[in-house]
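One letter stands for each residue in the lines below.
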Amino acid sequence: MKKIIMIICGVLFFIQGCTSQTYMDPKSLETAINNDEFTFMAQKAIPTNYDVINVMNSIPNSTSSRILNLSYGNAVILKKSVLEVNLPYFGRSFSASRDLSKNGYTFTSKDFAVKKNTGKKGKTVVQIETNDQQPAKTIIIEVYKNGKAFVSVNSSDRQPISYDGYIMKNEAVK
């Protein structure tokens, strides 16, 4: 009898662990995307440069993963008239700056275009083209139905980088 109860409990814990997390309810998510009013919060950075990956693998007690966990606050904030980007960059820059604050993607754009497409399985692809910012020319945000998102940043002077995170509503200004 104890074995049966333990097996049932184990199956229930396994099923609970397999459920997907919902970051934002579908109605609010669809409204936020259609209104161009949302925030992407980055949780992980995925560099594509093998020099960065080799350095990460050479650190003692590190995993052989090429994914970097990020702290809270790295975000892409999209509003009707303003795009605010604050994302770290790990990779090769072909025109590096001596100012360390300019090495990541940290800028505010007021001249940008937003295109939206619906992809497979209900995924929405938001493509943002900036016209007044040199560091990031194209930001592609793939938004899934549960609020999970994947961002790819392409630049004219840097190797591409991707970020994994989630979508949330813009916070009200106090």
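Refer to the structure presented above.
Just so you know, these numbers come straight off a predicted model, no measurement behind them.

I keep staring at the overall build of the protein chain and nothing clicks. Help me out?
In terms of regular secondary structure, the protein chain is built from three helices and 10 strands. Shown N-terminal to C-terminal, the secondary structure of the protein chain runs as helices and strands in the order α-α-β-α-β-β-β-β-β-β-β-β-β. Buried residues in the protein chain amount to 36% of all 174 residues. The contacts in the protein chain between residues at least 6 apart in sequence include a share of 53% that link residues at least 24 apart. Split by element, the accessible area of the protein chain, about 11100 Å² in all, is 56% carbon and sulfur.

Hey, could you run me through the environment of K80 in this one?
On the secondary structure map, K80 appears in the loop between β3 (75–78) and β4 (83–87). On the basis of relative accessibility, which here comes to 58%, the residue K80 falls in the exposed class. Counting along the chain gives 42 residues from K80 to F38, while the straight-line C-alpha distance between them is 9.7 Å. Non-local contacts of K80, meaning those with residues more than four positions away in its chain, are made with N35, D36, E37 and F112. Of note is the side chain of K80, whose polar atom sits 3.0 Å from the backbone oxygen of N35.

In this structure, what is going on with the pairing of strand β7 (residues 124–130)? I would like to understand it.
Two faces make up the sheet, and in a regular strand the side chains alternate between them. By the criterion of burial, β7 is predominantly enclosed, with five of the seven residues buried. As paired elements, strand β6 (residues 112–118) and β7 share seven bridges and run antiparallel to each other. Residue pairing across strands places K115 opposite Q127, the latter belonging to β7. Linkage of β6 to β7, two consecutive antiparallel strands, is achieved through a turn of five residues, within which K121 is found at a positive phi near 55°. Note: β7 against strand β8 (residues 138–143), six bridges, orientation antiparallel. By the bridge assignment, V126 is partnered in β8 with I141.

It is not clear to me how the side chain of N74 should be interpreted in this structure. Could you clarify?
With respect to the element layout, N74 can be found in the loop between β2 (68–69) and β3. A polar side-chain atom of N74 sits 3.0 Å from the main-chain carbonyl oxygen of S71.

Any chance you could explain helix α2 (residues 26–34) here in plain terms?
Within an α-helix, residues lying three or four positions from one another point in the same direction, as the helix has 3.6 residues per turn. Burial in α2 covers these residues: S28, L29, A32 and I33. Along the axis of α2, the buried residues cluster in a sector spanning 130°; they form a single face. Relative to its buried face, α2 has exposed residues pointing more than 90 degrees away, namely P26, K27 and E30. Summarising the contacts, the buried residues of α2 are in contact with β1 (38–47), β6, β7, β8 and β10 (161–168). Directly after α2, the chain includes D36, whose backbone phi takes a positive value near 55°.

Cut-offs and rules
- Residues numbered from 1 in each chain as written.
- Predicted model: local features only at pLDDT ≥ 70, side-chain atom pairs only at ≥ 80, totals over all residues.
- Heavy atoms only, no water.
- Helix = DSSP H or I, 4+ residues; strand = E, 2+ residues; numbered from the N terminus.
- Buried < 20%, exposed > 50% of the residue type's maximum accessible area, 1.4 Å probe, protein only.
- Contact = heavy atoms within 4.5 Å.
- Areas by Shrake-Rupley, 256 points an atom, 1.4 Å probe, with all protein chains shown as cover.
- Polar contact = N/O pair within 3.5 Å; in protein donor to acceptor, adjacent residues only side chain to side chain.
- Pairing = 2+ DSSP bridges.
- Arc of directions from axis to C-beta.

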